[in-house]
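Examining the three-dimensional arrangement
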Amino acid sequence: MTESRNVVIVTGIPGVGKTTVINTAIEQVKEKYGEDVLILNFGTEMFEVATKAGHVKDRDEMRKLPTSIQRDNQRSAGIAIAEKAKTAKVIVDTHTLIQTNNGYLIGLPEWVVTEIKPKTVVLVEAESEKIASRRAGDDTRARDAQAVADIQVHQEMCRAAAVAVGTITGATVRIIKNREGLVEEAASELADTIME
Ligand code: ATP
Ligand code: AMP
Ligand code: MG
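The structure contained in this document is the topic of the report that follows. Because the structure is a prediction, the values reported are computed rather than measured. (Residues numbered from 1 in each chain as written. Chains lettered and ligands numbered in written order. Predicted model: local features only at pLDDT ≥ 70, side-chain atom pairs only at ≥ 80, totals over all residues. Heavy atoms only, no water.)

Now for the sheet that holds strand β3 (residues 89–93). Taken in spatial order, the 5 strands make up an open sheet running β2-β3-β1-β6-β7, and their pairing is parallel. The two strands at the open ends of the sheet, each matched to only one other strand, are β2 (37–41) and β7 (172–177). On average, each strand axis in the sheet is tilted by 25 degrees relative to the strand beside it, whichever way the strands run. Strand direction decides the pairing type here: strand β1 (residues 7–11) and strand β6 (residues 120–125), joined by 4 bridges, are parallel. Looking at the pairing, I9 lines up with V121 of β6. Seen against the sheet, helix α6 (residues 148–169) touches β6 and β7 and runs at an angle of roughly 175 degrees to β6. (Pairing = 2+ DSSP bridges. Helix = DSSP H or I, 4+ residues; strand = E, 2+ residues; numbered from the N terminus. Axes fitted to C-alpha atoms, helices over the stretch in contact; angles between N-to-C directions. Contact = heavy atoms within 4.5 Å.)

Written out as structure tokens, the structure is:
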């Protein structure tokens, strides 16, 4: 029997527009197909774990924690996400590489993705200059300042990390460009992936 998979993992560097594109895509799916999509935000799940343990008060403090604590919280969050993802159509909003005080933490290590078993890993990308300006213009979050050249390198590394997830799980890897002022266009590609 053909194996069926219901989870799309959406990744991309901070401020690229993942959450914005996801929210628009699920509205499009609802409108066009009348279907509901469950959004699971990995950061929110991790924040719950980290708050209960008294580690942080703000979600943007988590990446500053010792990496051993981040890894523990990630493991707990991954288990909770995999359990909740056993329903209908699901999107997991997360990161492949988290910039910590000790290098990149792998957001989707083997023990997390083999539980989730995604159909597709979407990598949302945008021009590095635009990402810098989106971060600067978003006062809802405590975003890290990053030089445009470093944003570029971070995006390139995310391609490698997304391919690694595909290699472990058999998921397809889809790059979606989130062009300035064109969220609907990016969302429409994501909606197609959800409904495939
Ligand atoms: P994080 O990883 O930190 O959660 P994110 O990738 O989810 O970030 P968003 O919070 O969705 O990013 O978006 C960051 C900012 O960029 C928001 O202010 C949002 O309104 C803006 N934005 C998103 N997409 C676009 C776009 N296509 N054009 C212009 N602005 C955009
Ligand atoms: P977000 O709202 O997507 O930026 O997520 C908030 C925070 O959650 C991030 O800055 C990371 O510290 C953490 N986070 C999200 N996804 C993961 C993951 N897969 N592994 C480890 N940390 C994560
Ligand atoms: Mg987000």
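Once you've had a look at it, read on.
At a minimum axis separation of 8 Å, helix α1 (residues 18–33) and helix α7 (residues 183–195) run at an interaxial angle of 60 degrees. Comparing the axis directions of α1 and α7 gives the class oblique. Where α1 crosses over α7, the two elements pack in a sense that is right-handed. Taken together, the residues of α7 that come into contact with α1 (itself represented by T20, V21, I22, T24, A25, Q28, V29 and Y33) are V183, E184, A186, A187, S188, L190, A191, I194 and M195. Residue classes in the contact of α1 with α7 are distributed as 12 nonpolar, 4 polar and 1 charged. (Parallel < 35°, antiparallel > 145°, perpendicular 65-115°, else oblique. Left-handed = near helix turned anticlockwise from the far one by under 90°. Nonpolar A, V, L, I, M, F, W, Y, C, P; charged D, E, K, R; others polar.)

Bridging between strand β4 (residues 97–100) and strand β5 (residues 103–106) involves 4 bridges; their strand directions are antiparallel. Bridging from a neighbouring strand, I98 pairs with L105 of β5. Following β4, the chain reverses through 2 residues before pairing antiparallel with β5.

Below, the discussion takes up the site of ligand 1. Around ligand 1 sit 19 residues, and of these K18, T19, T20, R143 and N178 come closest. A distance of 3.0 Å is found between an oxygen atom of ligand 1 and a backbone nitrogen or oxygen belonging to G17. Take N178: an N or O atom from its side chain is 2.8 Å from a nitrogen atom of ligand 1. Looking at the shell around ligand 1, the element that brings in the most residues is α1, giving 3 residues. Residue composition of the shell around ligand 1, grouped by class: 5 nonpolar, 7 polar and 7 charged. (Near = heavy atom within 4 Å. Polar contact = N/O pair within 3.5 Å; in protein donor to acceptor, adjacent residues only side chain to side chain.)

Once that is clear, we can look at the site of ligand 2. Residues in contact with ligand 2 amount to 13 residues; listed here are only the nearest, R59, Q74, T94, H95 and G107. A distance of 2.8 Å is found between a nitrogen atom of ligand 2 and a backbone nitrogen or oxygen belonging to G107. Alone, ligand 2 offers 480 Å² of accessible surface; in the complex the protein occludes 96% of this. Looking at side-chain class alone, the shell around ligand 2 contains 5 nonpolar, 5 polar and 3 charged residues. (Areas by Shrake-Rupley, 256 points an atom, 1.4 Å probe, with all protein chains shown as cover.)

Limitation: the analysis is restricted to geometry and does not speak to function.
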